[in-house]
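So you can see what is in the structure, the chains are spelled out below.
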Amino acid sequence: MNGKILKQKMQAIEVIALRKCVECLHFANADARFASVRNPTRGKSYVAARALLDYLGGKKRGYRLMRAVDQHNVPHYWVANSQDAILDPTKAQYEVMGEFPPYTTGISVSYRPKNKHRTLLAAMRRLKVA
């Protein structure tokens, strides 16, 4: 398989994974410190990013967990691929607030082996995307 076709296939897989994660976000419990009824994805970035990271194959496949602190002093997490493309299932929280996510200050971080993301990951695996 040539490089261009492989890249297109990986992009398609990422789009499907991101869509599945967004569609299953209601299974994720928000961090109570940041949760908001008016902003349903607020406080779910860590759980969502971890589920997406695991779904895509993690470090073995070239994906990294990224973290930055936004202007409200709230940590925000997303996934970056080997080409540094941003895969952020909870970016809508910033759109609701009329702001931009803090991608420019993001750093790659290690993560704890907690299982808070397992329910969301299981829902993503069950979801059939047309």
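Definitions and cut-offs
- Residues numbered from 1 in each chain as written.
- Predicted model: local features only at pLDDT ≥ 70, side-chain atom pairs only at ≥ 80, totals over all residues.
- Heavy atoms only, no water.
- Helix = DSSP H or I, 4+ residues; strand = E, 2+ residues; numbered from the N terminus.
- Polar contact = N/O pair within 3.5 Å; in protein donor to acceptor, adjacent residues only side chain to side chain.
- Contact = heavy atoms within 4.5 Å.
- Pairing = 2+ DSSP bridges.
- Salt bridge = Lys/Arg side-chain N within 4 Å of Asp/Glu carboxyl O.

### As for the side chain of Ser45
(1) Moving on: You can see Ser45 is positioned in helix H2 (residues 45-56).
(2) Moving on: For Ser45, the side chain forms a polar contact with the main-chain nitrogen of Tyr77, separated by 3.1 Å.
(3) Moving on: Setting aside residues no more than four positions away along its own chain, Ser45 makes contact with Pro75, His76, Tyr77, Thr90 and Gln93.

### Quick look at the sheet that holds strand S2 (residues 75-80)
Two pairing modes exist for strands in a sheet, parallel and antiparallel, and in both the strands are linked by backbone hydrogen bonds.
(1) Moving on: Strand order in the open sheet made by the 4 strands is S3-S2-S1-S4, with antiparallel pairing throughout. Edge positions in the sheet fall to strand S3 (86-87) and strand S4 (107-108), since each of these pairs with one other strand and no more.
(2) Moving on: Pairing of strand S1 (residues 64-69) with S2 involves 6 bridges; the strand directions are antiparallel. Residue pairing across strands places Arg67 opposite Tyr77, the latter belonging to S2.

### With respect to the pairing of S1
(1) Moving on: Hairpin connection between S1 and S2: a loop of 5 residues separates the two successive antiparallel strands, and Asn73 in this loop has a positive phi of roughly 65°.
(2) Moving on: When S1 meets S4, the two strands line up antiparallel, connected through 2 bridges. Across the sheet, Arg67 pairs through a bridge with Ile107, a residue of S4.

### Some thoughts on the pattern of salt bridges
(1) Moving on: Applying the stated criterion across every chain, the model contains 5 salt bridges.
(2) Moving on: The salt bridge partner of Glu23 is Arg19, with a shortest N-O separation of 3.0 Å. A residue pair is termed a helical-turn pair when its members lie 3 or 4 positions apart in one helix, as Glu23 and Arg19 do in helix H1 (residues 3-23) at 4 residues.
(3) Moving on: Two residues, Arg42 and Asp70, come together in a salt bridge whose shortest N-O distance is 3.3 Å. Here Asp70 lies in the loop between S1 and S2 and Arg42 lies in the loop between H1 and H2, a separation of 28 residues in the sequence.

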